[in-house]
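Breakdown of the fold
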Amino acid sequence: MTPATTLIPGLDDIVRGGDPKRRADAARRISELFLQGAANFGADHVDLFDGVLSSLVPHADLAARAELAERLSLLVNAPRGLVGQLAHEDEIAIAGPLLRRSPVIDEQILVEIASVKGQGHLLAMSDRPTLSPDLTDVIVRRGDRDVVRRAAGNAGAAFSSDGYSTLIKRASQDGVLTLKIGQRDDLSGEQLKDLLAGTIDVVRRRLFTVVKPARQVAIKRAINEISGAVERTDSGRDFEAAQRTILSLHREGQLVESALLNFAKANKYEESVAALAAMTGVKIATLDRLIAGDRYDPILIAGKAVGLEWATVRALILLRLGPNRTASSADIESARMNFARLMPTTAERVVGFWKTRPTV
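Description of the overall build of the protein
When helices and strands are counted, the protein shows 24 helices and 0 strands. Within the protein, the fraction of its 360 residues that count as buried is 48%. Split by element, the accessible area of the protein, about 17600 Å² in all, is 51% carbon and sulfur.

Focus on the packing of aromatic side chains
By the definition in use, this model includes 6 aromatic pairs. Between Trp 310 and Phe 339 the ring centres are 5.9 Å apart and the planes differ by 40°, which places this aromatic pair in the tilted class. A residue pair is termed long-range when its members are at least 10 positions apart, and Trp 310 in helix H22 (residues 310-321) and Phe 339 in helix H23 (residues 329-341) qualify at 29 residues. Residue Phe 339 is classed as buried on the basis of its relative accessible area of 7%. Three or more aromatic residues joined by ring pairs make a cluster, and in this case those are Phe 34, Phe 41 and Phe 49. The residue whose ring lies beneath Arg 237 is Tyr 269, and the NZ or CZ to ring-centre distance is 3.9 Å. Over the ring of Phe 339 we find Lys 304; its NZ or CZ atom is 4.3 Å from the centre of that ring.

Observations regarding the pattern of salt bridges
Here the structure, examined in full by the defined rule, presents 18 salt bridges. A salt bridge links Arg 71 to Glu 32; the nearest nitrogen and oxygen atoms lie 3.1 Å apart. In this pair, Arg 71 is assigned in helix H5 (residues 62-72) and Glu 32 in helix H3 (residues 20-37), connecting sequence segments 39 residues apart. Ionic pairing is found between Asp 127 and Arg 150, a salt bridge with its closest N-O pair at 2.8 Å. With Asp 127 in the loop between helix H9 (119-125) and helix H10 (133-142) and Arg 150 in helix H11 (residues 145-152), this residue pair connects regions lying 23 residues apart in the sequence.

What to know about the packing of helix H13 (residues 175-182) against helix H15 (residues 201-210)
Contact geometry of H13 with H15 gives a least axis separation of 10 Å together with a crossing angle of 35°. For the pair H13 and H15, the sense of crossing is right-handed. Residues Gly 175, Thr 178, Leu 179 and Gly 182 of H13 form the contact with H15, whose own contacting residues are Val 203, Arg 206 and Leu 207.

A word on the environment of Ala 335
Relative to the elements of secondary structure, Ala 335 occurs in helix H23. Given a relative accessible area of 1%, Ala 335 falls into the buried group. Separated by 36 residues in sequence, Ala 335 and Ile 299 place their C-alpha atoms 9.9 Å apart. When neighbours within four sequence positions are excluded, Ala 335 is seen to be in contact with Tyr 296, Leu 300, Trp 310 and Ile 317.

A word on helix H4 (residues 43-56)
Between its first and last C-alpha, H4 extends 20 Å over 14 residues, near the 20 Å set by a 1.5 Å rise per residue. Residues Val 46, Phe 49, Asp 50, Val 52, Leu 53 and Leu 56 constitute the buried set of H4.

Remarks on the environment of Val 210
With respect to the secondary-structure elements, Val 210 resides in helix H15. What makes Val 210 partly exposed here is its relative accessible area of 30%. In this structure, the C-alpha to C-alpha distance between Val 210 and Gly 182, residues 28 residues apart in sequence, is 9.2 Å.

Observations regarding the packing of H4 against helix H6 (residues 80-87)
H6 packs onto H4 with a crossing angle of 30° between their chain directions and a minimal axis gap of 7 Å. Relative to H6, the element H4 lies roughly parallel. When H4 is examined against H6, the residues Asp 50, Leu 53 and Ser 54 are found in contact with a partner set consisting of Arg 80, Gly 81, Leu 82 and Gln 85.

Points about helix H21 (residues 297-305)
Helical geometry: 3.6 residues make up each α-helical turn, so side chains three or four residues apart lie on a common side. Summarising burial for H21: 8 of the 9 residues are buried, a large majority. Restricting attention to buried positions, one finds in H21 the residues Pro 298, Ile 299, Leu 300, Ile 301, Ala 302, Gly 303, Lys 304 and Ala 305. Downstream of H21 by one or two residues, Gly 307 has phi in the positive range, about 75°.

Quick notes on unusual backbone geometry
Although it is not a glycine, Asn 267 adopts a positive phi angle of roughly 55°. Position of Asn 267 relative to the elements: it lies in the loop between helix H18 (257-265) and helix H19 (269-280). For Asn 267, a relative accessible area of 41% translates into the label partly exposed.

Section: the side chain of Arg 215
Relative to the assigned elements, Arg 215 resides in helix H16 (residues 213-227). In this structure the side chain of Arg 215 is engaged in a polar contact, spanning 3.0 Å, whose partner is the backbone oxygen of Arg 184. Not counting chain neighbours up to four residues away, the residues in contact with Arg 215 comprise Gly 182, Gln 183, Arg 184, Asp 185, Leu 187 and Leu 192.

Regarding the environment of Ser 126
On the secondary structure map, Ser 126 appears in the loop between H9 and H10. Its relative accessible area of 1% is what places Ser 126 among the buried residues. Excluding residues within four positions of it along the chain, Ser 126 makes contact with Leu 131, Ile 139, Val 147, Arg 150, Ala 151 and Asn 154.

Thoughts on the confidence of the model for the protein
Residues with a pLDDT of 70 or more make up 89% of the protein, whose mean pLDDT is 86. Mean pLDDT per element in the protein: helix H1 (residues 3-7) is the minimum at 49, and H9 is the maximum at 98.

Cut-off values and rules
- Residues numbered from 1 in each chain as written.
- Predicted model: local features only at pLDDT ≥ 70, side-chain atom pairs only at ≥ 80, totals over all residues.
- Heavy atoms only, no water.
- Helix = DSSP H or I, 4+ residues; strand = E, 2+ residues; numbered from the N terminus.
- Buried < 20%, exposed > 50% of the residue type's maximum accessible area, 1.4 Å probe, protein only.
- Areas by Shrake-Rupley, 256 points an atom, 1.4 Å probe, with all protein chains shown as cover.
- Phe/Tyr/Trp six-rings, centres within 6.5 Å; stacked < 30°, edge-to-face > 60°.
- Lys NZ or Arg CZ within 6 Å of the ring centre and 35° of its normal.
- Salt bridge = Lys/Arg side-chain N within 4 Å of Asp/Glu carboxyl O.
- Axes fitted to C-alpha atoms, helices over the stretch in contact; angles between N-to-C directions.
- Left-handed = near helix turned anticlockwise from the far one by under 90°.
- Contact = heavy atoms within 4.5 Å.
- Expected span 1.5 Å × (residues − 1).
- Parallel < 35°, antiparallel > 145°, perpendicular 65-115°, else oblique.
- Polar contact = N/O pair within 3.5 Å; in protein donor to acceptor, adjacent residues only side chain to side chain.
- pLDDT = per-residue confidence, 0-100.

Written out as structure tokens, the structure is:
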């Protein structure tokens, strides 16, 4: 006779056809029985409890399931079927503790859940002591800003080359993510260079102050390889204050198209160029030189590459001309038509070329 059937006579009948209230009560009592004796149970006993509880626990209320999930998350011999069942629940109060730390969840189940569940589930997974490349591939692809930052800051996470490429691409729009990636011990020299190539100067300086001395040397070397020297703008403009403004917007998650449009309309050239540099990953000196040239094409290309609306591109064209100059309606219409015809993939390729060529 098993411990469960000793405790609850008629358990088989309850499991097969008991009313929800009786099942919930049985789930509570059997769960407590298991938790009290878990340290002494062998695999056969655990499997027995797994089969019974997997049938009964869904009838328990949310609070009871959440408490059970919290306690099971700490056990190395928790019932695997039950843990997987609870980890699939939509309610993060139930799934969260198990996704965060349960040692018995199979890798396949984690990847499956990461592929279909929401950001709360992904955020909980990002806290696990270790994360495999297969799992982080999904997390980086589907996760929002907070999820990706958490995963990148997890020293136990491992990333594939594709995962790192996606991280670095996303970091070009996120200074906080750049700092987290830049401090990772498994970041290669080439990946560090790619990371810095898409980062504004003020973020580079901040990263330099928070990394270990050995990484500081690597940062200096990478920057020298990217630019060959300290970046200076041909126009002689000072972008330092503008970069601080853009970094602040980065941190607050407000570096969006409307911010760039407002800068352009207010004739804030330095802020506009610094914002566009952060959005495209192109160095400020390169963009400044391109935008100050004889043609407005670079603005069309940069705008199309990052998906700007025509109103923002138009404001940047007018900003380029300066507050005391105007463009004819024919020129603006020509620019609009060229922008509409420009393919995003073509624009992205050109911007990619700009990123690798610090001088143009």
